[in-house]
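# Residue-level structural notes
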Amino acid sequence: MFVTRRARRRHFRLGLRLAGQLASVPVQWLDALSPPEATVLMIGSFDGVHRGHQALIERVGSAAKRLSAPPWALSFFPHPLSVLRPGQEPPLMMSLEQRARTLKEFGMAEVAVGRFDAGFAELSADAFVDLVVERLRPRAIVVGFNFGYGKNRAGDADHLKQAGERHGFELHIVEPLE
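Presented here is a report on the structure given in the accompanying data block.

### Digging into the pairing of strand β4 (residues 110-115)
Where strand β1 (residues 28-29) lies against β4, two bridges are found, and the strand directions are parallel. Residue pairing across strands places Trp29 opposite Val113, the latter belonging to β4.

Next up, the structure:
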């Protein structure tokens, strides 16, 4: 999807305006949700649903059918770079509400959102996985090839694979599209 600089600025301003109205956003806040019985989970920012995100959605959908668990997305608000490197974050293409609605239109049963603040940024890779397992009970996790998590992006695909073996979830990594 090609988005002009003007449209990105407009979406960013819209996102800021909506930040004061987050109670109306159709998402499940990670720190407040009642844990589901099980999920098949994709994790990422998902600002704009491009071809790579659509590949994750397809993988989540097929795993969800096979494992008889609803497909969920875990996203973050605000954008992690706005906390890690203020002023260097990319302009938002979609407000949080638009992101949630779009992901649901693409088949996600629910969208969970982690409040990305200084405390969240300090979570170790293990603590991040423990939080995800405790709050979302994944039977499978789907991520992109370049997904990193935990303080200083200490968690990578190998770490997540080992965590899956410990916690009993499958890991699916979507490679770059051609």
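### Here we look at the packing of aromatic side chains
What the rule picks out here adds up to seven aromatic pairs. Between Phe120 and Phe128, the ring centres sit 6.2 Å apart and the planes meet at 85 degrees, which makes this aromatic pair edge-to-face. In this structure, Phe120 and Phe128 share a single accessibility class: buried. Among the aromatic residues, those joined into a ring-pair cluster are Phe76, Phe116, Phe120, Phe128, Phe147 and Tyr149.

### Points about helix α2 (residues 51-67)
Three- or four-residue spacings in an α-helix give side chains the same orientation, since the helix completes a turn every 3.6 residues. Taking 1.5 Å of rise per residue, 17 residues should cover 24 Å, and α2 covers 24 Å from first to last C-alpha, within 8% of that figure. Where α2 is buried, its residues meet β2 (39-43), β3 (71-77), α4 (96-105), β5 (138-144) and β6 (170-174). Phi for Ser68, located one or two positions after α2, is positive at around 55 degrees.

### Thoughts on the side chain of Arg99
The topology assignment puts Arg99 in helix α4. With no salt bridge to any partner, buried Arg99 finds its closest opposite charge in Asp47, at an N-O distance of 4.7 Å. Setting aside residues no more than four positions away along its own chain, Arg99 makes contact with Ser45, Phe46, Asp47, Ser75, Phe76, Phe77, Leu92 and Met94.

Conventions adopted
Residues numbered from 1 in each chain as written. Predicted model: local features only at pLDDT ≥ 70, side-chain atom pairs only at ≥ 80, totals over all residues. Heavy atoms only, no water. Pairing = 2+ DSSP bridges. Helix = DSSP H or I, 4+ residues; strand = E, 2+ residues; numbered from the N terminus. Phe/Tyr/Trp six-rings, centres within 6.5 Å; stacked < 30°, edge-to-face > 60°. Buried < 20%, exposed > 50% of the residue type's maximum accessible area, 1.4 Å probe, protein only. Expected span 1.5 Å × (residues − 1). Contact = heavy atoms within 4.5 Å. Lys, Arg positive; Asp, Glu negative; His and termini not counted. Salt bridge = Lys/Arg side-chain N within 4 Å of Asp/Glu carboxyl O.

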